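Below, each chain spelled out in residue letters.
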Amino acid sequence: MNAVEKKLLFIVNPRAGKTKSRAPLFDAVSIFSKAGYLVRVAETRRHGDATELAERFGGDFDLVVCHGGDGTLNETVNGIMRLPREKRPPLSYLPGGSTNDFANTLCIPKNSDEAVRNITDGICTTIDVGNFNGRFYAYVAAFGAFTDVAYSTSQNAKNMFGFLAYLAKGFDTLKKIRPIKAVFEINGETIEDDFILCTVSNSRIIAGIVKLKPEMVEMNDGMFEIILIRYPQNALELTKIVNAITSGEMSCEYIRMFRASELYVRFPDESVSWTLDGEQEKNITEAHITIIHSGIDIMCGRTE
């Protein structure tokens, strides 16, 4: 082995994406090898495998690459974040899921060949990481309308129809909107109301639906972008909310936006399910959410 050869841990979720072909993965390994990496491929077989692999082996590698959907990414981030900061390897992401919000925010190409070359030739940047009651997340923690779409849409539907499956499930969710009573403490202010959606994010795209303008989001500033949407009382109010979300402006009397490094939230009437990067976190009655500034290094495309 060449003495200067670098080591790459390639964590692969074989169940992600629209195709089960292994050809793109063989091509990826070939490109990594030509770029001077000695590659170890590790397949996930069950929930939590990517976290275990990243934590157990990540500190021994020069680069960790995960292939899968946002859930695989979330698991890999959790594994790397369990390592001391000085032992955390840079992370890169070869998207293989259905929406890949995080990849879109980081300008990681959708084409598999381009995405692989982006890993070897792209830009290494540093980003903040969220901490939700001790569990890490890469780009969003959320509850309410649409947030169950990522994990309630069947894998078969996602594989066959991609984002169309999310849209179909999202429209079905609209019919079932209900208020969620919550009490937030943000920047010294207490906000208590009925809400239909809350997102605590470090991303320009959330669930493929909420799209913030680039100037609204800086991914390594030590701050979350927090969106709280009050429960609409009628169809007109709901229409105003939808228009504000789809425009990216978030300018509406039923929507409040904050920038903060920490918040507390509790639910006085019921436990609530959250989604962290598309992965479900059930039975939450209260949450303490903090941001870890400059938590992880990641390879990305041009973010301008």
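Procedures and definitions
All residue numbers refer to positions counted from 1 along the written sequence of the respective chain. Under the rules for a predicted model, residues below a pLDDT of 70 receive no local features and side-chain atom pairs below 80 are neither given nor counted, while totals for whole chains, interfaces and linings still include all residues. The basis for every side-chain value is the complete set of non-hydrogen atoms in the structure, without hydrogens or water. The secondary structure listing takes helices from DSSP runs of H or I that are at least 4 residues long and strands from runs of E that are at least 2 residues long, numbered from the N terminus. A 1.4 Å probe rolled over the protein chains alone gives each residue an accessible area, and that area as a share of the maximum for its type sets the label: buried under 20%, exposed over 50%, partly exposed in between. What makes two residues a contact is simply this: any of their non-hydrogen atoms within 4.5 Å. Per-residue accessibility takes into account occlusion by the displayed protein chains alone, with areas from the Shrake-Rupley method and a 1.4 Å probe. Salt bridge, as applied in this entry: a Lys or Arg side-chain nitrogen positioned within 4 Å of an Asp or Glu carboxyl oxygen. By convention a nonpolar core is built from buried Ala, Val, Leu, Ile, Met, Phe, Trp, Tyr and Cys residues, the set being connected through side-chain atoms within 4.5 Å. In the analysis that follows, any N or O atom pair within 3.5 Å is treated as a polar contact, provided that within protein one partner can donate a hydrogen and the other can accept it, and provided that, for residues neighboring in sequence, both atoms belong to side chains. Here, strands pair whenever DSSP counts at least two bridges between them. On a scale of 0 to 100, pLDDT captures the predictor's confidence in every residue.

**Quick word on the overall build of the protein chain**
1) Next: Assigned secondary structure in the protein chain consists of nine helices and 17 strands.
2) Next: Sorting the 304 residues of the protein chain into buried and exposed places 52% on the buried side.
3) Next: For the protein chain, contacts bridging at least 24 residues in sequence account for 75% of all contacts bridging at least 6.
4) Next: If you sum the accessible surface of the protein chain, you get close to 14100 Å²; carbon and sulfur atoms cover 49% of it.

**Focus: the pattern of salt bridges**
1) Next: Counted by the stated rule, this structure contains twelve salt bridges.
2) Next: Glu55 is the partner of Arg82 in a salt bridge, and the nearest nitrogen-oxygen pair spans 3.3 Å. Of the two residues, Arg82 sits in the loop between helix 3 (70–81) and strand 4 (91–95) while Glu55 sits in helix 2 (residues 49–57), which places them 27 residues apart along the sequence.
3) Next: Overall, Arg82 belongs to the partly exposed group, its relative accessible area being 48%.

**A look at the environment of Ile177**
1) Next: One can find Ile177 in the loop between helix 8 (163–174) and strand 8 (180–186).
2) Next: Spatially, the C-alpha atoms of Ile177 and Gly144 are 8.2 Å apart, while their sequence positions differ by 33 residues.

**Observations regarding the nonpolar core**
1) Next: Among the nonpolar cores identified, the biggest contains 63 residues, and Phe10, Phe32, Leu91, Phe102 and Ile255 are the most heavily contacted of them.
2) Next: If sequence neighbours within four positions are ignored, Phe102 has contacts with Asp70, Leu73, Tyr93, Ile127, Ala138, Tyr139, Met219 and Ile298.
3) Next: With 27 residues, the next largest nonpolar core counts Cys198, Val200, Phe258 and Ala260 among its residues.

**Description of the side chain of Glu279**
1) Next: Looking at the element boundaries, Glu279 is found in strand 16 (residues 279–284).
2) Next: Residues in contact with Glu279, not counting those within four places in the same chain, are His47, Gly71, Asn74, Glu75, Arg135 and Trp274.

**Some thoughts on the side chain of Asp70**
1) Next: Looking at where Asp70 falls in the secondary structure, it is placed in helix 3.
2) Next: Separated by 2.9 Å, the side chains of Asp70 and Tyr139 make a polar contact.

**Some details on the pairing of strand 14 (residues 262–266)**
1) Next: With burial as the criterion, only one face of strand 14 is covered, namely that bearing Leu263 and Val265; the residues Glu262, Tyr264 and Arg266 on the opposite face remain uncovered.
2) Next: The pairing of strand 14 with strand 17 (residues 286–300) spans five bridges and is classified as antiparallel. Considered in strand 17, the bridge of Val265 is made with Ala287.

**Here's the deal with the confidence of the model for the protein chain**
1) Next: For the protein chain, mean pLDDT is 83; residues scoring 70 or higher make up 83% of the total.
2) Next: Of all helices and strands in the protein chain, the one with the weakest mean pLDDT is helix 7 (residues 155–161) (46), whereas strand 14 scores best (98).
3) Next: Long-range and interchain partners of residues 157–171, a stretch whose pLDDT sits below 50, account for 29 contacts in this model, where long-range means more than four residues apart.

**Re the pairing of strand 9 (residues 189–201)**
1) Next: In this structure, strand 7 (residues 140–144) lies alongside strand 9, joined through five bridges in antiparallel fashion. For Ala142, the partnering residue across the bridge sits in strand 9 and is Thr199.
2) Next: Counting the residues between successive antiparallel strands, the hairpin from strand 8 to strand 9 contains two residues, one of them, Asn187, with a positive phi of roughly 50°.
3) Next: The pairing of strand 9 with strand 12 (residues 224–230) spans six bridges and is classified as antiparallel. Within strand 12, the residue paired with Ser201 across the bridge is Glu225.

**Description of helix 2**
1) Next: Taken together, the buried positions of helix 2 are occupied by Asp49, Ala50, Thr51, Leu53, Ala54 and Phe57.
2) Next: Looking at the buried positions of helix 2, the neighbouring elements they touch are strand 1 (6–12), strand 2 (37–43) and helix 3.

**With respect to the environment of Thr275**
1) Next: Note that Thr275 resides in strand 15 (residues 272–276).
2) Next: Note on Thr275: relative accessible area 5%, which makes it buried.
3) Next: Side-chain polar atoms of Thr275 contact the backbone nitrogen of Glu279, separated by 3.4 Å.

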